[in-house]
Amino acid sequence: MKRVLSIAVVLVALITASTATADDGAGPFGVTVTARNARVGVLVPAARAGRPAGGHFCTASVVDAPHRNLVVTAAHCLGGDGGLVFVPGYRDGHAPYGEWTVQRRFLPRGWVDGRHEDSDVGFVQVAPRGGEEVQDAVGGNRFVTGTATGATAVTVTGYPNARETPVSCTDKPAAHSRTQQRIACPGFSGGTSGSPWVNGDGQVVGVLGGHDEGGTTPGVSYSVVLGAEAERLYREAAGET
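No experiment lies behind these values; they were computed from the predicted model shown. (Residues numbered from 1 in each chain as written. Predicted model: local features only at pLDDT ≥ 70, side-chain atom pairs only at ≥ 80, totals over all residues. Heavy atoms only, no water.)

Visitor: Pulling in residues and values, what's your account of the sheet that holds strand β5 (residues 84–88)?
Guide: Taken in spatial order, the six strands line up as β2-β3-β4-β7-β6-β5 and close into a barrel, and their pairing is antiparallel. Each strand of the sheet is rotated relative to its neighbour by a mean of 40 degrees, with strand direction disregarded. Direction of pairing for strand β3 (residues 58–63) relative to strand β4 (residues 70–73): antiparallel, over a ladder of three bridges. In the strand pairing of β4, V63 is matched with L70. Against the sheet, helix α3 (residues 228–238) makes contact with β4, β6 (100–106) and β7 (122–126), and its axis sits at roughly 10 degrees relative to β7, the strand it touches most. (Pairing = 2+ DSSP bridges. Helix = DSSP H or I, 4+ residues; strand = E, 2+ residues; numbered from the N terminus. Axes fitted to C-alpha atoms, helices over the stretch in contact; angles between N-to-C directions. Contact = heavy atoms within 4.5 Å.)

In structure tokens form, the structure reads like this:
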């Protein structure tokens, strides 16, 4: 989980009075707003299935894949042996698109062997519900590697543990190092690990995690620079290898 020094979500005037919908355009840079996005949801322990309020611990999102069953998050969200459930579009205790059981997890070798912060990306396949795949229910963003850090603005959407609604912020990432990128967005406290960084073309070009498992303050978040390892992992999880 994102290891913030204080888990209080202090949004104050930084959250606007308006609520963004799934198709709203980007707001002012560096301003966190209440969000609504069907493709982004929460991870919940299977023991809390049907009772996600107060039990979600990481964020995840649906990505486009041939079998239409793929969800991306941070690798550090996928530790342990317990079952998991993905709840897309979660809001105020409700699962408007249902709860989707995680069937299989995919972690990069760099994470499995040494929990390397440059490998902090993971995927899960979720089981169909009533013959429908999750991407058919909510859509999916393209997972894209090799983009230049800061080439365009991105919108980050995630679920702080202290809230039962998601928050969203748009800004331009900056390089933290050759393999890590960072973004200045207030209010991204514990629970937002795994939040997708989506550019204007609807492409996931980052996943909140990496350095310090996503950051130690709510105002600055990190992501791995998605490269060859993330591409290989996506292809394996998507069934393209």
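Additional details are given in the paragraphs that follow.
Visitor: Please give an account of the environment of G209 that cites residues and values.
Guide: With respect to the helices and strands, the residue G209 is situated in the loop between β14 (203–207) and β15 (220–224). You can call G209 buried: its relative accessible area is 0%. Once the C-alpha coordinates of G209 and R182 are considered, the two residues, 27 residues apart in sequence, prove to be 9.8 Å apart. Not counting the four nearest positions on each side in its chain, G209 is found in contact with H76, D120, Q180, G214, Y222 and S223. (Buried < 20%, exposed > 50% of the residue type's maximum accessible area, 1.4 Å probe, protein only.)

Visitor: With reference to specific residues and values, describe unusual backbone geometry.
Guide: In this structure, R68 is a non-glycine residue whose phi angle is positive, near 60 degrees. By relative accessible area, R68 is classed as partly exposed at 32%. Of note, D92 is a non-glycine position whose phi angle comes to about 50 degrees, a positive value. In this structure, D92 sits in the loop between β5 and β6. On the basis of relative accessibility, which here comes to 49%, the residue D92 falls in the partly exposed class.

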